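Each chain, written out:
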Amino acid sequence: MRQTFKVCIFLLFCKGLLGQVTDTSQLFKANVKEMIDLKGAEEQEQTSNIGSFKDAKIREIPGIITVLDNAFIQNSGARDLVDLLHLVPGFDFARDVDDVVGIAVRGNTALEGKVLVMLNGIQLNETGYGTFAFKGHFVLDNIEKIEIVRGPGSTLYGGVASLAVINIVTKTSKYNDGVEFSTSIGVSESNPSAKRGAINFAHKFNNGATYNFSGYINHSNISNITQPDAQEKLLNYRDSSGLSNEGFVSSFHHKNFNYNFVYDNYQLDITDNPSRIIMKNIINQVSYTIKPIKQLAIRPEITYKWSLPWNYQDGNRAQNDALTAINNRTDFKLVTLFTPNENILFSAGGQYYIDDSRYQSRVVTFYDSSNNARFNTIAAFTEVQLFTKYFNLTAGARYEKLNSSLKLTEAPEAFVPRFAITKAFSNFHVKTLYSRAYKIPTIQNINASFGTIKPENLQVIEFEAGVRLNKAFTFNINVFDNQLTNPIVFGYNNLTATEEYLNKTLIYNRGAEAEISFRNKRITAQANFSTYYNTKNEVTETFIDTVQTKELAGLARFKGSFYLSLALPKNWFINTNLICNSERSSYVYTDSLFTKLELKTISPRAILNFSVSKSNFFIPQLKFDLMINNLLNQEYYYANALDNGFNLLPDQRFELSVRLTYKIGM
């Protein structure tokens, strides 16, 4: 918290030098949105451009879209992204290697490189394995909204966007005057559980240029409990499950020029050994929009990313150096939009990125005995959207191919099309979607397979229908059919004590998601339900009881959530949410030699969260939040989505948190 205080003082000093903040409405818009002149909104309806090259009504975007706005985020009582995204239909979370908590989508584990996570449109997935650690990552007080595609995003985004896309948009995209900072503390099991701080700042210069800064710091524990693990070893999670995340986003915008800088440092203690993982990103992005004529926009973009994907500290270096590398990515991207008239949008572009990976220890090598390796990936994409009175038609495709300095059995490449028919009428909308998607193997997928790994392919058919009975009440339902072929599966070879990645054959599941919401000036209520059905599965690592079942290992087959926020007189808010999921099963090693796998069953859970908040708390511009997470003190564990035998990872039980937010000049 001392670091947070220092940054607050620095920003207040900057504010005094730069003067009063004015309009920043052009900041942090998604890249493509800045490239076109948008038509004025005909009605007050939520829009986004995730899943599309053009900002559009969510009900018409060719994808299954969820947008969590700032009011929802702040009133959710969520501590982090995991709490928040548990409220989204079809999302679940599981334990990855070394206590990292990863995501699952519609019954498919997506722990490594199958869900694209972006910050203001900039990719955050580490480039070694493609993972993103969700638990305790970022501070929600920095976030203006989160845009989500529940389903394939490969044609637009490529690489690691096969199952879903998540774009986190910082608060400063909306601020237009002043600075805001917040601080919070949490207590669980009679001990401190979390300390968080956040700062958001924006300034507009006299020449129209704008500058934004959004900083965050989070020190917390995954759990504070003490209990035996599966090998009957007593673990004090308060001393062994600590995590910290510090970073900031800085942006400068002037006319058609944009510069973005991201620093993100995530560290996590491993509960069953003395190691600590560091995942760090330093990203620079520059872009410029060229408009030779009104109907045409061309946007070149260059991104440079330096990262430590899985850097181990304080542990057994001889064992962990094999996973400790430094990765660099240089990404060149060009997007062109052509709108000959208001009924047609044509988009096309290309991307070329270079990945360099080098082990920190020179005695550690890739499978060709070299200490470093280079990977070159080229991609091209195009899409046409036709807007008519009765339907909107989308047709597009993307091609991507990877080459490497390492010897490959076959250069991984993929071609994926997508087709969509959508239309939003006054009180009804419908979407019919067909998409193919892929996961291009990552650096360590290739290395651990000795260059034999192939891309993972996905075919998805989706249908959504929704009604708006009035401006306050909406209901949506969608069904999906997922066929995942050549899935890339992680394994561990006990004979050689090395990781391995293999292509398996098929995971085929179907499911449905339904959501109902009501919103007016006083009440925001939302309930959703989601389920999947394992139709055919040939990946034994995901089996339960060594046979194919309707559910997959570690993942609940049924999930429901309820959210309610009540605005009371005198700026008081009362908020609550309830998250329920069905029984889960997971394999765990129960002997000290790690040879005996046993199936553990985790009972259904119902996690109730409650919060109360007050604006203008004693003084103007001060907001107070009191949050109680897991009010019923339920046990909850992150389970294994594969038969890797890791211990079940406990989450916090009853946790009490207090947050203060103060605005200056707003």
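Structure: see above.
Residues numbered from 1 in each chain as written. Predicted model: local features only at pLDDT ≥ 70, side-chain atom pairs only at ≥ 80, totals over all residues. Heavy atoms only, no water.

Colleague: Would you mind showing me how to read the sheet that holds strand β4 (residues 91-95) here?
Modeller: Strands pair in a sheet through their backbones, by hydrogen bonds, and they do so in one of two ways: parallel or antiparallel. As summarised here, the arrangement of the three strands in space is β4-β5-β6, forming an open sheet in which the pairing is antiparallel. Where the open sheet ends on each side, the last strands, each with one partner, are β4 and β6 (108-109). (Pairing = 2+ DSSP bridges. Helix = DSSP H or I, 4+ residues; strand = E, 2+ residues; numbered from the N terminus.)

Colleague: It is not clear to me how the nonpolar core should be interpreted in this structure. Could you clarify?
Modeller: A general trend in soluble globular proteins is that nonpolar side chains are found buried together. Counting 96 residues, the largest nonpolar core has Phe134, Ile146 and Ile166 as its most contacted members. In this view, Ile146 contacts Thr66, Val67, Leu68, Ile73, Leu81, Leu84, Ile166, Asn167 and Ile168; residues no more than four positions away in its chain are not counted. Core analysis: the second largest hydrophobic core is formed by eleven residues, Ile50, Val67, Leu116 and Ala161 among them. (Core = buried A, V, L, I, M, F, W, Y, C linked by side-chain atoms within 4.5 Å. Buried < 20%, exposed > 50% of the residue type's maximum accessible area, 1.4 Å probe, protein only. Contact = heavy atoms within 4.5 Å.)

Colleague: Please clarify how unusual backbone geometry should be interpreted in this entry.
Modeller: Both trends apply: most residues other than glycine have a negative phi, and most peptide bonds are in trans. In this structure, Asp99 takes a positive phi of about 70° despite not being glycine. Tracing the backbone through its elements, the reader meets Asp99 in the loop between β4 and β5 (101-105). Within the chain, Gln621 stands out as a residue other than glycine whose phi angle is a positive 70°.

Colleague: It is not clear to me how the sheet that holds strand β7 (residues 115-119) should be interpreted in this structure. Could you clarify?
Modeller: Across the sheet, which stays open at both edges, the five strands sit in the order β3-β9-β10-β7-β8 with mixed pairing between neighbours. Each edge of the open sheet carries a strand with a single partner, namely β3 (65-68) and β8 (122-123).

Colleague: What's the story with the packing of aromatic side chains in this structure? I'm lost.
Modeller: To describe a pair of aromatic rings, one takes the distance between the centres and the angle between the planes. Counting across every chain of the model gives 20 aromatic pairs. Consider the rings of Tyr129 and Tyr501, whose centres lie 6.4 Å apart with planes at 45°: the pair is tilted. Of this pair, Tyr129 sits in the loop between β8 and β9 (143-150) while Tyr501 is found in strand β30 (residues 498-503), placing the two residues 372 residues apart along the sequence. For the pair Phe529 and Phe558, a centre-to-centre distance of 6.2 Å together with 25° between the ring planes defines the contact as stacked. Of this pair, Phe529 sits in strand β32 (residues 523-537) while Phe558 sits in strand β33 (residues 558-568), and the two are 29 residues apart along the sequence. (Phe/Tyr/Trp six-rings, centres within 6.5 Å; stacked < 30°, edge-to-face > 60°.)

Colleague: Would you mind going over the side chain of Gln385 with me for this structure?
Modeller: Note that Gln385 resides in strand β23 (residues 372-387). On the basis of relative accessibility, which here comes to 6%, the residue Gln385 falls in the buried class. Among the polar contacts made by the side chain of Gln385, one reaches the side chain of Thr394 at a distance of 3.5 Å. When sequence neighbours within four positions are dropped, the list of residues in contact with Gln385 reads Ser52, Phe53, Pro62, Asn343, Ile344, Leu345, Leu393 and Thr394. (Polar contact = N/O pair within 3.5 Å; in protein donor to acceptor, adjacent residues only side chain to side chain.)

Colleague: Looking at this structure, how should I read a nonpolar patch on the surface?
Modeller: A cluster of nonpolar residues, Ile293, Phe338, Ile344, Phe346, Val384, Leu386, Tyr390, Phe391, Leu393 and Ile421, forms a patch on the protein surface that exposes about 830 Å² of accessible area. Among the secondary structure elements, those contributing two or more residues to the nonpolar patch are β22 (344-359) and β23. Mapped onto the secondary structure, Phe391 falls in the loop between β23 and β24 (392-404). (Patch = residues over 30% accessible without salt bridge, like charges linked within 9 Å, V, L, I, M, F, W, Y side chains within 5 Å. Areas by Shrake-Rupley, 256 points an atom, 1.4 Å probe, with all protein chains shown as cover. Salt bridge = Lys/Arg side-chain N within 4 Å of Asp/Glu carboxyl O.)

Colleague: I would appreciate a short explanation of the environment of Ala514 in the present structure.
Modeller: Summarising the element assignment, Ala514 is placed in strand β31 (residues 506-519). Ala514 sits 38 residues away from Asn476 along the chain, and the two C-alpha atoms are 5.7 Å apart. Those residues within four positions of Ala514 in sequence are excluded, and the remaining contacts are Phe475, Asn476, Ile477, Ala527, Asn528 and Phe529.

Colleague: Any chance you could explain the environment of Pro274 here in plain terms?
Modeller: Within the element layout of this structure, Pro274 appears in the loop between β17 (257-269) and β18 (276-288). With relative accessibility at 65%, the residue Pro274 sits in the exposed group. Through-space distance from the C-alpha of Pro274 to that of Asp314 is 6.5 Å; in sequence the pair is 40 residues apart.

Colleague: Help me out: how do you make sense of the environment of Asp229 in this one?
Modeller: With respect to the secondary-structure elements, Asp229 resides in the loop between β14 (226-228) and β15 (234-236). Taking the C-alpha atoms as reference points, Asp229 and Phe562, separated by 333 residues in sequence, lie 32 Å from one another. A distance of 2.9 Å separates the side chain of Asp229 from the backbone nitrogen of Gln231, its partner in a polar contact.

Colleague: When you look at the pairing of β24 in this model, what are you seeing that I'm missing?
Modeller: Summarising the sheet, β23 and β24 pair through 13 bridges and their orientation is antiparallel. Note on β24: the bridge partner recorded for Ala380 is Tyr399. Linking β23 back to β24 in an antiparallel pair, the connection comprises four residues.

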